[in-house]
Amino acid sequence: MTTLSDQPVLALQNVSKTFGSKENPIYAARDINFGLYPGRTLALVGESGSGKTTVARLLMREYIPDAGQLTFRGAPVQGASKASLRAYRSAVQMVFQDPFSSLNPTRTIHHHLSRPLHLHRPDLDRKGREAAIIDLLARVQLDPARVLHKFPHELSGGMRQRISIARALAVNPQVIVADEPTSMLDVSVRLGILNLLNDMKSELGLALLYITHDIATARFVAEDIMVMYAGQVVEWGDMDSVLTNPQHPYTRLLLAAVPDPDRRIDAAAPQNELARVEDIRAASARVQTEVQQIAPNHFIRKINL
Ligand SMILES: Nc1ncnc2c1ncn2[C@@H]1O[C@H](COP(=O)(O)OP(=O)(O)O)[C@@H](O)[C@H]1O
Ligand SMILES: [Mg+2]
């Protein structure tokens, strides 16, 4: 078991990203701090528009932070040489929400897997690449004979997402950022994809950021959780501690919205909070720099209601 004292592979320190204009700023990410650790999954949970994909794009270096920095294996990513930026880009891979639009409709599955191997694994010859493709398909539990020469539209959504995962794994990444990887899939195939993420984490020792609006799936894959709202992480820490003892009113609202047969809704958010939803949202959206520690690995941003 990896411990929290180990070095994070990838960390964000006080990272902010603002869109919009000076008069009308949109604080998509505000003073974000977290680390991703080998063999651990961190869930980033929040409703639509809270800033989750912005965090993913910051990690992928599609967005450059307005403030703060990323560190990879302890070294700042900003100002890194071209070679180390290339290494970073293969070490940090993304799995997208829509497996269809992230695959090229005119190319076979074989092409989708051989291309990253070509680019990032110069150690492999043709035979080595073919063997690696078979290994990758085995890892995502697909039968090579059934998928290798198919086009993306000939596969089901769940199979396509497995191909996206195999493609991400092709370059031997250390970090996977999965942005709502099951939200466009049939309910019946979601669990299979989540199990796959869990296997990758434990078997390959990957560091995972699992982004979702769905706390129930977060609990299934992640050891740690961050609850994001209006660009700020309002509560974070150990999954069990945050879910059994939520201390930020916004987290309690989010939990109250989740049907859970084991608990009553008003156990998550008391009536007086459910009656003040708009107040809580407004207060949670205001910038708040003061942090309160709840448990050894459980924190909230203070809120002035
Ligand atoms: N490239 C962009 N330009 C302008 N506004 C953006 C851009 N990307 C995101 N936003 C805004 O930032 C906020 C957070 O968006 P996003 O990160 O996509 O949230 P989520 O993934 O949680 O739904 C939203 O208000 C969104 O409209
Ligand atoms: Mg998003």
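The structure displayed is predicted, hence computed values, not measured ones.

Novice: Break down the layout of surface pockets for me, citing the residues and quoting the values.
Specialist: The rolling of a water-molecule-sized probe over the atoms marks out the regions of remaining empty space. Taken as a whole, the largest pocket spans an internal volume of roughly 440 Å³. Together, 18 residues line the largest pocket, and Arg89, Gln93, Pro116, His120 and Arg167 are the ones closest to its centre. At the level of secondary structure, the elements contributing two or more residues to the lining of the largest pocket comprise α2 (82-91), β6 (92-95), α3 (109-120) and α6 (157-169). Considering each element in turn, the lining of the largest pocket owes the most residues, six residues, to α3. Its residues assigned to classes, the lining of the largest pocket shows nine nonpolar, five polar and four charged. Here the second largest pocket is characterised by a volume of approximately 300 Å³. Along the wall of the second largest pocket there are 17 residues; nearest its centre are Phe34, Gly35, Tyr37, Leu42 and Asn297.

Novice: Which residues make up unusual backbone geometry, and what are the values?
Specialist: With a phi close to 50 degrees, Arg73 is a non-glycine residue in the positive phi region. Along the chain, Arg73 turns up in the loop between β4 (67-72) and β5 (75-76). Even without glycine at this site, Glu180 takes up a positive phi of about 50 degrees. Secondary-structure assignment places Glu180 in the loop between β7 (175-179) and α7 (187-204).

Novice: Any chance you could break down the side chain of Ser16 for me, citing the residues and the numbers?
Specialist: Within the secondary structure, Ser16 is located in strand β1 (residues 10-20). Since its relative accessible area comes to 18%, Ser16 is described here as buried. Ser16 has contacts with Ala29, Arg30, Asp31, Pro65, Asp66 and Ala67, leaving out every residue within four places of it along the chain.

Novice: A description of the packing of α6 against α7 should follow, citing residues and the corresponding values.
Specialist: Two elements in contact, α6 and α7, have axes whose closest approach is 10 Å; the angle formed by their N-to-C orientations is 15 degrees. It follows from the interaxial angle that α6 and α7 lie roughly parallel. In the crossing of α6 with α7, the sense of the turn from one axis to the other is right-handed. Contact with α6, carried on its side by Gly158, Gln161, Arg162, Ile165 and Leu169, involves Val189, Gly192, Ile193, Leu196, Leu197, Met200 and Leu204 of α7 and no other residues of that element. In the contact of α6 with α7, the residues fall into eight nonpolar, three polar and one charged.

Novice: Go over the pattern of salt bridges, please, and point to the residues and values.
Specialist: Tallying each qualifying case throughout the model produces twelve salt bridges. Residues Asp224 and Arg40 are paired through a salt bridge, measuring 2.8 Å at the closest nitrogen-oxygen approach. Here Asp224, found in strand β9 (residues 224-229), pairs with Arg40, found in the loop between β2 (25-36) and β3 (41-45); they are 184 residues apart in sequence, far enough to count as distant.

Novice: Give a description of the environment of Ala218 that names residues and reports values.
Specialist: Within the element layout of this structure, Ala218 appears in helix α8 (residues 215-221). The class of Ala218 is buried, set by a relative accessible area of 0%. Separated by 177 residues in sequence, Ala218 and Thr41 have C-alpha atoms that sit 9.2 Å apart.

Novice: Provide a residue-level description of the nonpolar core, including the pertinent values.
Specialist: Counting residues in hydrophobic clusters, the biggest one holds 54 residues, and the most contacted among them are Ala43, Leu137, Ile165, Ile176, Met200 and Ile225. In terms of residues, this core owes the most to one element, α6, which gives six residues. Once residues lying within four places of it in the same chain are set aside, the contact partners of Ile165 are Val95, Val140, Ile193, Leu196, Leu197 and Met200. Of all hydrophobic cores here, the second largest spans 30 residues; its members include Leu44, Val55, Leu59 and Val175.

Novice: With reference to specific residues and values, describe the site of ligand 1.
Specialist: The immediate surroundings of ligand 1 are formed by Phe19, Ile26, Ala28, Glu47, Ser48, Gly49, Ser50, Gly51, Lys52, Thr53, Thr54 and Tyr63. Taking Ser50, its main chain carries an N or O atom lying 3.2 Å from an oxygen atom of ligand 1. Within the backbone of Gly51, an N or O atom sits 3.0 Å from an oxygen atom of ligand 1. Here ligand 1, which alone exposes 560 Å², has 62% of that area covered by the protein. When residues of the shell around ligand 1 are traced back to their parent elements, those giving at least two are β2 and α1 (52-59).

Novice: Go over the UniProt feature "domain: ABC transporter" (unreviewed entry) in the chain with me, naming the residues and quoting the values.
Specialist: Taken from the UniProt record, the annotation "domain: ABC transporter" (unreviewed entry) applies to residues 10-255. Here residues 10-255 is 40% helix and 26% strand, with 28 Å between the C-alpha atoms at its ends.

Novice: Can you lay out the sheet that holds β2 for me, pointing to particular residues and giving the numbers?
Specialist: Strands in a sheet are paired, the pairing made by backbone hydrogen bonds, and the direction either parallel or antiparallel. The sheet built from four strands is open, its strands ordered β2-β1-β4-β5 with antiparallel pairing. Bordering the open sheet on either side are β2 and β5, each of which pairs with just one other strand. Relative to β5, β4 runs antiparallel, the two being bridged by two bridges. Considered in β5, the bridge of Phe72 is made with Ala75. Its contacts with the sheet put α1 on β1, β2 and β4, and the angle it makes with β1 is roughly 120 degrees.

Cut-offs applied
Residues numbered from 1 in each chain as written. Chains lettered and ligands numbered in written order. Predicted model: local features only at pLDDT ≥ 70, side-chain atom pairs only at ≥ 80, totals over all residues. Heavy atoms only, no water. 1 Å grid on protein atoms, 1.4 Å probe; cavity = no way out; pocket = protein on both sides within 12 Å on 5 of 7 lines; lining within 4 Å. Points joined across faces, edges and corners; volume = space filled by probe spheres on them. Helix = DSSP H or I, 4+ residues; strand = E, 2+ residues; numbered from the N terminus. Nonpolar A, V, L, I, M, F, W, Y, C, P; charged D, E, K, R; others polar. Buried < 20%, exposed > 50% of the residue type's maximum accessible area, 1.4 Å probe, protein only. Contact = heavy atoms within 4.5 Å. Axes fitted to C-alpha atoms, helices over the stretch in contact; angles between N-to-C directions. Parallel < 35°, antiparallel > 145°, perpendicular 65-115°, else oblique. Left-handed = near helix turned anticlockwise from the far one by under 90°. Salt bridge = Lys/Arg side-chain N within 4 Å of Asp/Glu carboxyl O. Core = buried A, V, L, I, M, F, W, Y, C linked by side-chain atoms within 4.5 Å. Near = heavy atom within 4 Å. Polar contact = N/O pair within 3.5 Å; in protein donor to acceptor, adjacent residues only side chain to side chain. Areas by Shrake-Rupley, 256 points an atom, 1.4 Å probe, with all protein chains shown as cover. UniProt positions renumbered as here; feature names shortened; annotations may be inferred. Pairing = 2+ DSSP bridges.

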